[in-house]
Amino acid sequence: GYRTAVIVFFVFVILFMFALMIFRLCLFRTRYPNVLVHPDPHLFAPRIVLQLLIVFSTCCSTLFWFQYVMTLFWLILFKGQDVPLLLLPTALGVGQYEAHDVMLVMVLSFAILTVFLGLWKQLRVFFFLVDWEKPRGVEAPESVVPPPVNPPPPGPPPPGTLVGSPLLAGSYPGL
């Protein structure tokens, strides 16, 4: 009946969750190689924290969507009736809402852990800026010729030269 269908659906969701978790951890392993740096400069979050973040976020998202589908099913089945043929289970019935309550607590716990680990990961990022200006007090070399005040209008390019983007022209020494 209904309970067997929910259990089968939940088993498929759990199998999908584990497959997705393994896939995301394999992708993480390729992007975040296990290179030990001694001494650790603490520029980024440790590898285990990022792996836990992947595990908790995958669990949270899949269980959330499972809970969403099940509550939407209840809403349509019990509240979408023109004539009440089925009534909601009573709260006095033993164990009828326990699975729903347990799932809500699990999703909330995974969500809280995901948010805390995500915040900690973002707070561990080390920013550094590179200043490309010339240092003050250093004069420009004398070989640099300042551009003319009124440059002549450009004429047609000589034959045999490439005409294109100025970004490409920087890579060719003859231009």
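Up top is the structure these notes are about.
Student: Residues and numbers for the overall build of the protein chain, please.
Tutor: Helix and strand counts for the protein chain come out as 4 helices and 0 strands. When the helices and strands of the protein chain are placed in sequence order, the string is α-α-α-α. Counting across all 175 residues of the protein chain, residues that qualify as buried make up 15%. Across the protein chain, contacts joining residues at least 24 apart in sequence account for 68% of those joining residues at least 6 apart. Only carbon and sulfur atoms are counted for the fraction: they give 73% of the accessible area of the protein chain, which is about 14,800 Å².

Student: Outline helix H3 (residues 98–123), supporting the account with residue identities and numerical values.
Tutor: Here H3 contains 26 residues, and its C-alpha end-to-end distance of 37 Å stays within 8% of the 38 Å for a straight helix at 1.5 Å per residue. For H3, every residue scored as buried is listed here: Met 103, Val 107, Phe 110, Thr 114 and Leu 117.

Student: Tell me about a nonpolar patch on the surface, and please be specific about residues and values.
Tutor: A contiguous nonpolar surface patch, about 780 Å² in accessible area, is contributed by Phe 9, Phe 64, Trp 65, Tyr 68, Val 69, Leu 72, Leu 75 and Ile 76. Tallying contributions element by element places helix H2 (residues 47–79) first for the nonpolar patch, with 7 residues.

Student: I'd like a description of the nonpolar core, backed by residues and values.
Tutor: Counting residues in hydrophobic clusters, the biggest one holds 16 residues, and the most contacted among them are Met 17, Cys 59, Leu 63, Phe 66, Met 103, Phe 110 and Leu 117. If you list the elements that add at least two residues to this core, you get helix H1 (2–31), H2 and H3. Examining the composition of this core, we find that 8 residues originate from one element, H2, more than from any other.

Student: Explain the packing of H1 against H2 residue by residue, including any values.
Tutor: Between H1 and H2, whose axes approach to 10 Å, the crossing angle comes to 155°. Between H1 and H2, the crossing angle belongs to the class labelled roughly antiparallel. For the pair H1 and H2, the crossing hand works out as right-handed. Here the contact of H1 with H2 is composed, by residue class, of 22 nonpolar, 4 polar and 3 charged.

Student: Can you tell me about the state of the cysteines, naming the residues and giving the values?
Tutor: Two cysteines, two sulfur atoms, one covalent bond between them: this is a disulfide. Applying the stated criterion to the full structure yields 0 disulfides. This cysteine, Cys 60, is not joined by any disulfide, and Cys 59 carries the nearest cysteine sulfur, 8.7 Å off.

Student: How would you sum up the side chain of Thr 58? Please name residues and give values.
Tutor: One can find Thr 58 in helix H2. If we ignore the near neighbours within four places in the chain, the residues touching Thr 58 are Met 17, Leu 20, Met 21 and Arg 24.

Student: Which residues make up the packing of aromatic side chains, and what are the values?
Tutor: Per the counting criterion, the structure on display carries 6 aromatic pairs. Arranged with centres 5.4 Å apart and planes meeting at 35°, the rings of Phe 9 and Phe 66 form a pair that is tilted. Placement of the pair is Phe 9 in helix H1 and Phe 66 in helix H2, with a sequence separation of 57 residues. Residue classification places Phe 9 among the partly exposed residues on the basis of a relative accessible area of 34%. Taken together, a centroid distance of 5.3 Å and an interplanar angle of 80° make the contact between Trp 65 and Tyr 68 edge-to-face.

Cut-offs used in this document
Residues numbered from 1 in each chain as written. Predicted model: local features only at pLDDT ≥ 70, side-chain atom pairs only at ≥ 80, totals over all residues. Heavy atoms only, no water. Helix = DSSP H or I, 4+ residues; strand = E, 2+ residues; numbered from the N terminus. Buried < 20%, exposed > 50% of the residue type's maximum accessible area, 1.4 Å probe, protein only. Contact = heavy atoms within 4.5 Å. Areas by Shrake-Rupley, 256 points an atom, 1.4 Å probe, with all protein chains shown as cover. Expected span 1.5 Å × (residues − 1). Patch = residues over 30% accessible without salt bridge, like charges linked within 9 Å, V, L, I, M, F, W, Y side chains within 5 Å. Salt bridge = Lys/Arg side-chain N within 4 Å of Asp/Glu carboxyl O. Core = buried A, V, L, I, M, F, W, Y, C linked by side-chain atoms within 4.5 Å. Axes fitted to C-alpha atoms, helices over the stretch in contact; angles between N-to-C directions. Parallel < 35°, antiparallel > 145°, perpendicular 65-115°, else oblique. Left-handed = near helix turned anticlockwise from the far one by under 90°. Nonpolar A, V, L, I, M, F, W, Y, C, P; charged D, E, K, R; others polar. Disulfide = S-S within 2.5 Å. Phe/Tyr/Trp six-rings, centres within 6.5 Å; stacked < 30°, edge-to-face > 60°.

This is a description of form; function is not addressed.
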